[in-house]
Every structure is written in structure tokens, then in C-alpha cells.
Amino acid sequence: MHGDSLVLSLVFLLAAVIAVPVFKRLGLGAVLAYLVAGVVLGPDGLGLVRDADRILNAAEIGVIMMLFVIGLELSPSRLRVMRKPVFGAGGLQVLLSGAALGGMLFAYGQSWKAALVVGLGLALSSTAVSLQLLAERKELATDHGRLGFAVLLFQDLAAIPLLAAIPLLAGAKNQTLTWPDAMRAIGAIVMVIAGGRLLLRHVFRIVARTRMPEVFTATSLLVVLGSAWFLQLAGLSAGLGAFLAGVLLSDSEFRHELESQIEPFKSLLLGLFFIAIGMTIDLDRVIAEPGRIAAGVGILLAVKFCILLLVGRMPGRLGWRSALRLGGVLWLGGEFAFVVFNQAEQVGLLSAADNDRLVAIVGLSMALTPLLLIALTRWLAATERGAPRRAFDTMEDTQPRVLVAGMGRFGQIVARLLTAQHIPFVALEHSAETIDDLRRFGNARIYYGDPTRPDLLRSAGAEHVRVFVVAMDDPETNIRAARLMRRMYPHATVLARARNRQHAWRLMDLNAEPFRETFGSSLELGERTLQALGIDAGKAAEDVRRFRAHDEKVLREQYLVYDDEAAVIQTARAARRDLEKLFAADEQDGESEAAPAPLEK
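Residues numbered from 1 in each chain as written. Predicted model: local features only at pLDDT ≥ 70, side-chain atom pairs only at ≥ 80, totals over all residues. Heavy atoms only, no water.

Under an unreviewed UniProt entry, the name given to the protein is Glutathione-regulated potassium-efflux system protein KefB, and the organism recorded is Pseudoxanthomonas composti. What UniProt records for the protein under Subcellular location (unreviewed entry) is the sentence "Endomembrane system". The UniProt entry for the protein carries the following comment under Sequence similarities (unreviewed entry): "Belongs to the monovalent cation:proton antiporter 2 (CPA2) transporter (TC 2.A.37) family." (UniProt positions renumbered as here; feature names shortened; annotations may be inferred.)

Here it is as C-alpha cells:
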């Protein structure tokens, strides 16, 4: 028996190690990789695993831990800041999608309880897949990316009461729900909240004093599983208990340590959960009912896409293209739907056949979304090429002393400093979304325009500018803008953001002064490190000043030979020896000054 368990564990790990990198490389996400691995390993695949239900029950601990981690990330203060997009757009999406899909199921012949549970379960999108798609496309900071995150946040919150309500709905169906049952459930929630507030932090403080990581890990697992077991004992969802424990600890000093302790267990068990879900997909039913399954996938994607488009336009205030991208990212089903359907089947709200159909529909929607999103993105790009572009802003006839090209995280700090000093400046940014975001915060001196276009520079009053600040993130665009400014306005000073030494040397070719974007902050951190080690603050500041002067001297020396790699390496090695000798000489001077002078004879 132990041998069989070991072989099974090795099979699961091998499937994850092979499938996840392959699917990530294809841009399809880890969740889909686990699902496909489960299908291949399951009864309808290679048949390496026959008892998928037993594995699914054990792997549900991964879902419990995921809910705990979600609770850790949702502190009350964070929810207050995001309350409008989360509860406005997110709440509207879940209600409309749940009502539309549930209404169709009710008209199709399902009971109102099953239709309610399934409709709301289908309204939830995959947080793992959607966030991964946004991150891969670098769209998390866009308007539709931020709104998508808010909607996913509400969906994660909505899944908690939905999971808690399923046993109650089943009890009502079986005419076993009574007021004592309800009071026991409410009392259990109150006890977890009150007990958690009074005890949890004190418990972790005591455990932290032991300085034994394994005890802290054991305590973390005890809190998660204990809270889940206590609410399950009261007839509620085990995940609700874990979520409440996470929320109670979200503002504590142990939040990040708890997350780091739980994350490995959560990731492994959640991957096992998705593999088990893949094993439960009945391929025979999909083959036997291809029309019904395909229709279900089509209806799910179409209904959610239309509702997300509406939500993105109305409360989200997105443009049409951003709203279409929001719909393309979130129209799929989600991992919570698997939990909802599985629990609904266990309590008798769904039949096994309906559960198989719904799991297949959600799984296929998750598999198709990355492919459909690629097609949607290409279509939007094709239509954008044929559509008229937004005209560059007309700028006021002013005489700015500074022009800031690029208003990302680098340029915004420069602009804020100039504003505080009441220095007249003008800023150009080529991203319309960034401009709209910054103008909402009252930044009126920022205009939509391309800093690499001569006519835009003239319109911005560049002939009056004494200093050009080139702050674009892309090195090639940065170089083009610096070259244009130096050619058109040779008497002005050009200060340019540089990503690294190679970029800095290219800027120096243009007689622009480079500023390596992480160099200054790294030196500040280094100075603070020296102080933390007990070095006097004045000496630490002087050491950092001398290091900076030495490094800038080396940068200029390497600039003379930067097209010769061997010479650059030789210069770097020599500079390192010179720096060590410089500081060694300082230490010797300090020792000789501190030593007592010899007595005169």
C-alpha cells in the first residue's frame, strides 16, 4: 500500500513538472496544465488513477489554504480603498451574470436552488488564469487590468458566502434546516471572529519567541485547518473558517510570515486539486454529448462577455477597446466553480451527470480563453491600425523651463519635485491611458504627445526650455528622443534616464548626462546598511560619496573603450583593485590617527 502511494505521488509530481513548464511556455497557464494532466492520468485517459474522488477529497485542503491566503490579502483598510470598483463593478458583474445564467438553468428545468448555486458558480472567473494572462501581457496596470483585478477580488469574496450557503440550501431542500441550526452556524462564526481577535496574535507572539520555524509552520497549519474544521462542524463551509482566520490576521505583524509558510502547501495541494478535477472530467460524456457541452461553453462565454462589456462601460468607465479586453480576460469559468459544483453534488443539489457536464464546460472555457484572447487581441490591433488615432493634445502657449519626456514612475517624481518648487514645466507622454489617469489627479501640465516628433517639441515650447528630462522606459525610444533634443536644441541641458551602463554610454555619445535609474537608490540602501552595521553615519556617508565618485570616474573611463569588451573587463577589474586599495588606505590612515603619538626623547 505504501509502495502504491509512493508511486502515485511520483506520478503526480512528474505530471506537474512536465505539464506546467510546457503550458506556461505556450502561454496557457498552470491551471490548464494541471487540468490536462489530470485528464491524461484519470480513468478516461491512461487510467493510472481510478479512485479520483478520494484524491479530490484530500486535495480540497488546497482550496482551504487558498481561501486563507486570500483572507490574508484582504485587510479591511485595503477593502475600504478599493470599495467602489470592488463592490460596484464586481458586485454588478456577479449579480447580473448569476441572474442571467441561473435564469436560463431555471427555465431549462433545474430547481431554483440548483439554478441559483450553479448560476453564481458560473459567474465566477478564474483568478489564477486571468491574473496570469494580464501579467503576461503587462496589462495589470492598465485601466481594464485594474478593474479586472477589482472584479476578481469581489468574486473571491462572493465565493465565501456561496460556499457557506450550499449546505443550508441543501438542508432546506431536505427539510432539516431549523432555527437551532442557523443559530449554531451564526454562533460558530461569532466565536471564530471573537476568539481570533483575542487569541490569534497572542498565540503567534508566543510561538515566535521560540525561534523554531517548524513550530511556527505547525501553528499556522493548525490555525487554518482548525478554523476550517470548527465551521464545518457547525454545518458551514470549511473554507469560510480558513478565510475568516486569514482576514483576522491580515493586519498583524505575522501576515507575510504566515503567507510564506502556507504558500508551498497551498500551491502543491491546489495543483493536486486541479489534477483531481481533471481526473473527474467525464470524457465519455463530452464525446457522447458534444453539442450540449459546446452549447454550454458558448452560452457561458457569450453571457459573461456581454455583461462584462456592460460593466466595463458603465460603472467602470472604460473605453470600448478596454471593455472588450476586460471581457476577453474574465469571460471564462473559474476554479471556485469546481468547488461549488462538487459541494453541491455532495449535498444533493446537483446530480452526478449535471456536475460532469458543468465541470467539462468550465474546464473547456478555461482551456479556450488564452487562445480566444490571442484572437481578440489581434482583431483589436487590426482594427486599431485602420482606425483614426487619438490626436495629440493642443498645448498652451507657455514658456516652460523644463520639458519632461515620459511620465512613468521615473518622470512623475521629477514632475512632482518641479511642481513643489513652482518651476514651470511641460510633460509629454505617449500613453493615452497614463495621461487620463494622471489628469484625474489634477496634473494639468501633462499632454498627450510623442517626444520623438520635432513638431510636438516645437508646440510644447521647447525653444524656451533650459533642461530636457528624458524619462522614457524603453531604451531605444529614450535614445531617439535624446538625439532629437540634442540636434534641435544644442544649448539646452539633456538629462536622461539610463537603464544600465551600456545605455548610459550610448547617451554619453549624444552629449547627454545619464542617470542610472537604480544607482542612487542602491547607494542610499548601501549607506543605510553600513550604518546598521555600526559604522558612524558621517563615515558611511563619506564612504558612499567616495564610492560614487569612483564609480562615475570608472564609467567615464570605460566610455572611451565601451565597444571593446576585453578592455571593459580589464578596466572593471582594475577599478575593483583601485577601490579596495582606496578604502584600505582610509582604514590605515584612521588607525594611525587613532594610535598614540610616540613620546619625544
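**Considering the overall build of the protein**
Check the secondary structure of the protein and you find 25 helices and six strands. Across the 601 residues that make up the protein, the buried fraction comes to 45%. In the protein, once contacts between residues fewer than 6 apart in sequence are set aside, the share between residues at least 24 apart is 73%. Accessible surface, the protein as shown: approximately 31400 Å² in total, 61% of it carbon and sulfur. (Helix = DSSP H or I, 4+ residues; strand = E, 2+ residues; numbered from the N terminus. Buried < 20%, exposed > 50% of the residue type's maximum accessible area, 1.4 Å probe, protein only. Contact = heavy atoms within 4.5 Å. Areas by Shrake-Rupley, 256 points an atom, 1.4 Å probe, with all protein chains shown as cover.)

**Quick word on the nonpolar core**
Counting 94 residues, the largest nonpolar core has Leu-122, Phe-273, Phe-336, Phe-338, Phe-341 and Met-366 as its most contacted members. Residues contacting Met-366, with those up to four places away along its chain left out, are Val-31, Leu-32, Leu-35, Ser-126, Val-129, Leu-332, Gly-333, Gly-334, Glu-335 and Phe-338. One finds Tyr-447, Ala-460, Ala-481 and Ala-492 within the second-largest nonpolar core, a separate group that totals 26 residues. (Core = buried A, V, L, I, M, F, W, Y, C linked by side-chain atoms within 4.5 Å.)

**Quick word on the packing of helix H22 (residues 501-509) against helix H24 (residues 537-559)**
Look at H22 against H24: their axes get within 10 Å of each other, and the N-to-C directions meet at 65°. Considered as vectors, H22 and H24 are oriented roughly perpendicular to each other. As for the relative orientation of H22 and H24, their crossing is right-handed in sense. Judged by residue contacts, Arg-501, Trp-505, Met-508 and Asp-509 of H22 engage Asp-551, Val-554, Leu-555, Arg-556, Gln-558 and Tyr-559 from H24. A class-by-class count of the residues in the contact of H22 with H24 yields five nonpolar, one polar and four charged. (Axes fitted to C-alpha atoms, helices over the stretch in contact; angles between N-to-C directions. Parallel < 35°, antiparallel > 145°, perpendicular 65-115°, else oblique. Left-handed = near helix turned anticlockwise from the far one by under 90°. Nonpolar A, V, L, I, M, F, W, Y, C, P; charged D, E, K, R; others polar.)

**Thoughts on H24**
Taking 1.5 Å per residue as the helical rise, H24 with its 23 residues ought to reach 33 Å, and the 33 Å between its terminal C-alpha atoms agrees with that figure. Residues of H24 that are buried include every one of Ala-540, Asp-543, Val-544, His-550, Asp-551, Val-554, Leu-555 and Gln-558, and no others. (Expected span 1.5 Å × (residues − 1).)

**Thoughts on the pairing of strand E5 (residues 493-498)**
When strand E4 (residues 467-470) meets E5, the two strands line up parallel, connected through four bridges. The residue bridging Phe-468 from the neighbouring strand is Val-494, located in E5. Handedness of the crossover joining E4 and E5 through helix H21 (residues 475-488): right-handed. Here E5 pairs with strand E6 (residues 513-516) via four bridges, running parallel. Bridge assignment links Ala-496 to a residue of E6, and that residue is Pro-514. What joins E5 to E6 is H22, and the crossover it makes is right-handed. (Pairing = 2+ DSSP bridges. Right-handed = clockwise from strand over helix to strand, strands pointing away.)

**Let's talk about the side chain of Gln-155**
Mapped onto the secondary structure, Gln-155 falls in helix H8 (residues 143-173). Within polar-contact distance, the side chain of Gln-155 engages the backbone oxygen of Ala-123 at 3.4 Å. (Polar contact = N/O pair within 3.5 Å; in protein donor to acceptor, adjacent residues only side chain to side chain.)

**Here we look at the packing of helix H23 (residues 519-532) against H24**
Taken N-terminus to C-terminus, the directions of H23 and H24 make an angle of 145°; their axes are 9 Å apart at the nearest point. For H23 against H24, the interelement crossing comes out right-handed. In this structure, H23 uses Phe-519, Gly-520, Leu-523, Glu-527, Leu-530 and Gln-531 to contact H24, whose residues at the interface are Ala-537, Ala-540, Ala-541, Asp-543, Val-544, Phe-547, Arg-548 and Asp-551. Taken together, the residues of the contact of H23 with H24 break down into eight nonpolar, two polar and four charged.

**Description of the packing of aromatic side chains**
This model, assessed by the stated rule, comprises four aromatic pairs. Taken together, a centroid distance of 5.9 Å and an interplanar angle of 85° make the contact between Phe-87 and Phe-154 edge-to-face. Here the residue Phe-87 occupies a position in helix H5 (residues 83-108), and Phe-154 occupies one in helix H8, the gap between them amounting to 67 residues. A ring pair is formed by Phe-305 and Trp-331, whose centres lie 5.1 Å apart and whose planes are at 50°; its orientation type is tilted. Of this pair, Phe-305 sits in helix H14 (residues 290-313) while Trp-331 is found in the loop between helix H15 (320-330) and helix H16 (335-346), placing the two residues 26 residues apart along the sequence. On the accessibility criterion, Phe-305 (17% relative accessible area) is buried. Geometry around Phe-519 places Arg-516 over its ring, the cationic atom sitting 4.0 Å from the centre. (Phe/Tyr/Trp six-rings, centres within 6.5 Å; stacked < 30°, edge-to-face > 60°. Lys NZ or Arg CZ within 6 Å of the ring centre and 35° of its normal.)

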